[in-house]
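Notes for the structure review
The primary structure of each chain is shown beneath.
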Amino acid sequence: MSAIVLTPGKVSLAQLEAIYRGAGPVRLDREAQTAVVAAMEIVAKAAASDVPVYGVNTGFGKLASVAIAPEDTAELQRNLVRSHCAGVGEPARSEIVRLMMALKLLSLGRGASGVRWQVIELIEGMLAADLLPVIPEKGSVGASGDLAPLAHMAATMIGEGEATLAGQRMAASEALAASNLQPLTLVAKEGLALINGTQFCTALALAGLFEAWRNLQASTVTSALSTDAIMGSTAPLRPELHELRGHRGQIDVAAAMRALLEHSEIRESHRDDDHRVQDPYCIRCQPQVAGAACDLLRQAGATLAIEANAVTDNPLVITETAQILSGGNFHGEPVAFAADQIALALAEIGAIAQRRIALMVDPALSFDLPPFLTPDPGLNSGYMIAEVTAAALMSENKHLANPCSTDSTPTSANQEDHVSMAAHGAQRLMRMNENLGHIVAVELLCAAQGIAFRAPLKTSKPLQAAITRLRREVPALGADRAPAPDMAIASTLVSNGDLISATGHAPLIVLEETT
């Protein structure tokens, strides 16, 4: 498998998603080495000087005024890593750790951190060997960057702590030895460069974005299925309407739905002589609601693409002037805001999807579908409680969507007196995506069942292909059976992209413009 070659400062969301989904080894473009070495030489010179430079020959945080002798530099960096390994909770998922390490490569590769090239080579070697640090999920407040999570990564690189090698957990020293990799002896600033930065919260937010985008597209499929199931109108999808408003996401969602519903016999059957004047908002306003969510996700994606390519440790080396400047690029506020945007989008995609489920199971609103979509209501309850589960998940996501970026608490003896809370703001996105995936899965089951009741009329070819993919593993509901296994299968079709692919229109909507 060929390596994904990353050019610092120029990496796309598509490349980052490929890394997240495990598409091959990762390495930096070798042209980055010149800038990396130039910055390292400036740091080495500063370390040998009597002039105090934060993090090079001084203590850290509140202890920045303490001078460190040149002979104590290695111990200073090692102690920094050890003391900051204070994370708690379950280990972060391997996809998150892998992406976090790739982001650290990108940051170091910009040539402003002052590390040796061998630091970059070790991270590349670890990724190539599938050697991943064990990173506890909790402990970051998002400034000064993700100190605790990144310290656990750095600890692995010096042969301490724990790691997984091809999925097997062991001592980091054993994992490095088994991979023929040498642990680092850190020199001036390297420990600080490794533990300072926003790579953990950014990896979490990117993962939340990628899963949210997949859920958005899947919900576009299920919304089209629901429209046919309740014999809804496609007039609200007309391009003229959406162009008059002008929001790109709304225009794109409407276009995707039109493509999915084109040539549906069900739709054509009630174009004339339908006594209903308008459909409920959950059908009629899907482009406006999902489109607004689409725009939010794109805005968050643009922010995260910038952050992924950024240098976010401290201090930073300005090679053009041979200066080492202390600043605050480690503050995770942009990531925290992006995570809050993604959370809002997830909550609203689920909220409108849940209303379509409620519409389909209610005989007063579903245009002659049987109660709870069972062929024998009364004796059978059909999808009655599946709809309740979707409502519970929708409500949970509403609660989780409350902003994290507005929270702050002072830390480090009030030196770090405003923080972003970006890490747990991004952490919740995986839970919210899982909830949304289940909601969309319930909508898929209900809409496929509803469309079957419209026989002999047929839905469109793309939507029938989606139903056919579902029916390979989940038969239509006749007599009652436990819906949980069917919901789990449908949820997998949503989360792995199979539902979208089955329509033949993947990707339905594009996250990032390519040039």
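Please refer to the structure higher up on the page.
A brief structural summary. (Residues numbered from 1 in each chain as written. Predicted model: local features only at pLDDT ≥ 70, side-chain atom pairs only at ≥ 80, totals over all residues. Heavy atoms only, no water.)

1. Structural notes on the overall build of the protein
Looking only at helices and strands, one finds 20 helices and nine strands in the protein. Relative to a compact globule of 515 residues, whose C-alpha radius of gyration would be 24 Å, the protein shows 26 Å and is just as compact. Referenced to the eigenvectors of the C-alpha coordinate spread, the extents of the protein come out at roughly 90 × 50 × 45 Å. With 515 residues in all, the protein has 55% of them scored as buried. Sequence-distant contacts in the protein: of pairs separated by 6 or more residues, those separated by 24 or more amount to 79%. Of the side-chain charges in the protein, 38 are positive and 54 negative, and the distance between the mean point of each set is 3 Å. (Helix = DSSP H or I, 4+ residues; strand = E, 2+ residues; numbered from the N terminus. Rg over C-alpha atoms; globule rule 2.2 N^0.38 Å. Buried < 20%, exposed > 50% of the residue type's maximum accessible area, 1.4 Å probe, protein only. Contact = heavy atoms within 4.5 Å. Lys, Arg positive; Asp, Glu negative; His and termini not counted. Charge placed at Lys NZ, Arg CZ, Asp CG, Glu CD.)

2. Quick look at the side chain of R98
Tracing the chain through its elements places R98 in helix α4 (residues 94–108). Despite its burial, R98 pairs with no opposite charge, the nearest such side chain being D130 at 5.8 Å. Setting aside its immediate chain neighbours within four residues, R98 contacts I19, G22, A23, G24, P25, V26, L127 and L132. (Salt bridge = Lys/Arg side-chain N within 4 Å of Asp/Glu carboxyl O.)

3. Some remarks on the sheet that holds strand β7 (residues 168–171)
Pairing in this open sheet of three strands is antiparallel, and the strands run β4-β6-β7 from one edge to the other. Of all strands in the sheet, those bounded by a partner on one side alone are β4 (131–133) and β7. Averaged over all pairs of adjacent strands, the angle between their axes in this sheet comes to 35°, without regard to strand direction. Against the sheet, helix α6 (residues 147–157) contacts β4 and β6 (162–165), and its axis sits at roughly 135° relative to β4. (Pairing = 2+ DSSP bridges. Axes fitted to C-alpha atoms, helices over the stretch in contact; angles between N-to-C directions.)

4. Considerations on the pairing of β7
Both faces of the sheet carry side chains from a regular strand, because those side chains alternate between them. Strand direction decides the pairing type here: β6 and β7, joined by four bridges, are antiparallel. Opposite L165, over in β7, you have Q168 as the bridge partner.

5. Some thoughts on the packing of aromatic side chains
Here the distance between the centres and the angle between the planes together describe a pair of aromatic rings. A complete count under the given rule lists one aromatic pair for this structure. Relative to F210, the ring of Y20 lies with its centre 5.9 Å away and its plane at 40°, an arrangement referred to as tilted. Residue Y20 is found in helix α1 (residues 13–20), and its partner F210 is found in helix α9 (residues 199–229); the two are separated by 190 residues along the sequence. For F210, a relative accessible area of 1% gives the class buried. (Phe/Tyr/Trp six-rings, centres within 6.5 Å; stacked < 30°, edge-to-face > 60°.)

6. Quick look at the pattern of salt bridges
Considering all chains together, one arrives at 17 salt bridges under this definition. Residues E17 and R21 are paired through a salt bridge, measuring 2.9 Å at the closest nitrogen-oxygen approach. A salt bridge links R428 to D340; the nearest nitrogen and oxygen atoms lie 2.3 Å apart. A residue pair is termed long-range when its members are at least 10 positions apart, and R428 in helix α17 (residues 422–452) and D340 in helix α15 (residues 333–361) qualify at 88 residues. What makes D340 buried here is its relative accessible area of 7%.

7. Side note on α9
An α-helical segment advances 3.6 residues per turn. Residues three or four places apart therefore align on the same side. The end-to-end C-alpha distance of α9, which contains 31 residues, comes to 44 Å, matching closely the 45 Å that a straight helix rising 1.5 Å per residue would cover. Within α9, 31 of the 31 residues are buried, leaving the element largely enclosed by the surrounding structure. M231 sits one or two positions beyond α9 and adopts a positive phi of about 55°. (Expected span 1.5 Å × (residues − 1).)

8. So, the nonpolar core
Judged by nonpolar contacts, the single largest core of 151 residues is most densely connected at L16 and L206. Those residues within four positions of L206 in sequence are excluded, and the remaining contacts are L13, L16, L99, L103, L304 and A308. (Core = buried A, V, L, I, M, F, W, Y, C linked by side-chain atoms within 4.5 Å.)

9. Describing the packing of α9 against α17
The N-to-C vectors of α9 and α17 enclose an angle of 15°; their axes lie 8 Å apart at closest approach. If you check the angle between α9 and α17, you find them roughly parallel. In this structure, α9 meets α17 at a crossing whose hand is left-handed. (Parallel < 35°, antiparallel > 145°, perpendicular 65-115°, else oblique. Left-handed = near helix turned anticlockwise from the far one by under 90°.)

10. Some remarks on the state of the cysteines
Inspection of the entire model under this criterion finds zero disulfides. Of all cysteine sulfurs, the one in C285 lies closest to C282, which takes part in no disulfide; the gap is 9.0 Å. Taking the relative accessible area as the measure of exposure, C282 reaches 9% and is therefore buried. A relative accessible area of 21% means that C285 is categorised as partly exposed. (Disulfide = S-S within 2.5 Å.)

11. Brief notes about unusual backbone geometry
In this model, N314 is joined to P315 through a cis peptide bond whose omega is -5°. Inspection of the secondary structure puts P315 in the loop between α14 (286–308) and β8 (316–318). That bond from A506 to P507 is cis: its omega, -10°, falls within 30 degrees of zero. Among the secondary structure elements, P507 is positioned in the segment after α20 (498–502).

12. Comments concerning the packing of α1 against α4
The geometry of α1 relative to α4 is characterised by a closest axis approach of 8 Å and an angle of 135° between their N-to-C directions. Put simply, α1 runs oblique to α4. Contacts from L16, I19 and Y20 of α1 reach α4 at E95, I96, R98, L99, A102, L103 and L106. Its residues placed into classes, the contact of α1 with α4 shows eight nonpolar, no polar and two charged. (Nonpolar A, V, L, I, M, F, W, Y, C, P; charged D, E, K, R; others polar.)

13. Some remarks on helix α3 (residues 73–84)
Compared with the 16 Å implied by 1.5 Å per residue over 12 residues, the 17 Å span of α3 between its first and last C-alpha is a close match. Within α3 the residues assigned to the buried category are T73, L76, Q77, L80 and V81. The buried residues of α3 occupy one face: seen down the axis, they fall within an arc of 130°. Buried residues along α3 sit in contact with α6 and α8 (190–195). (Arc of directions from axis to C-beta.)

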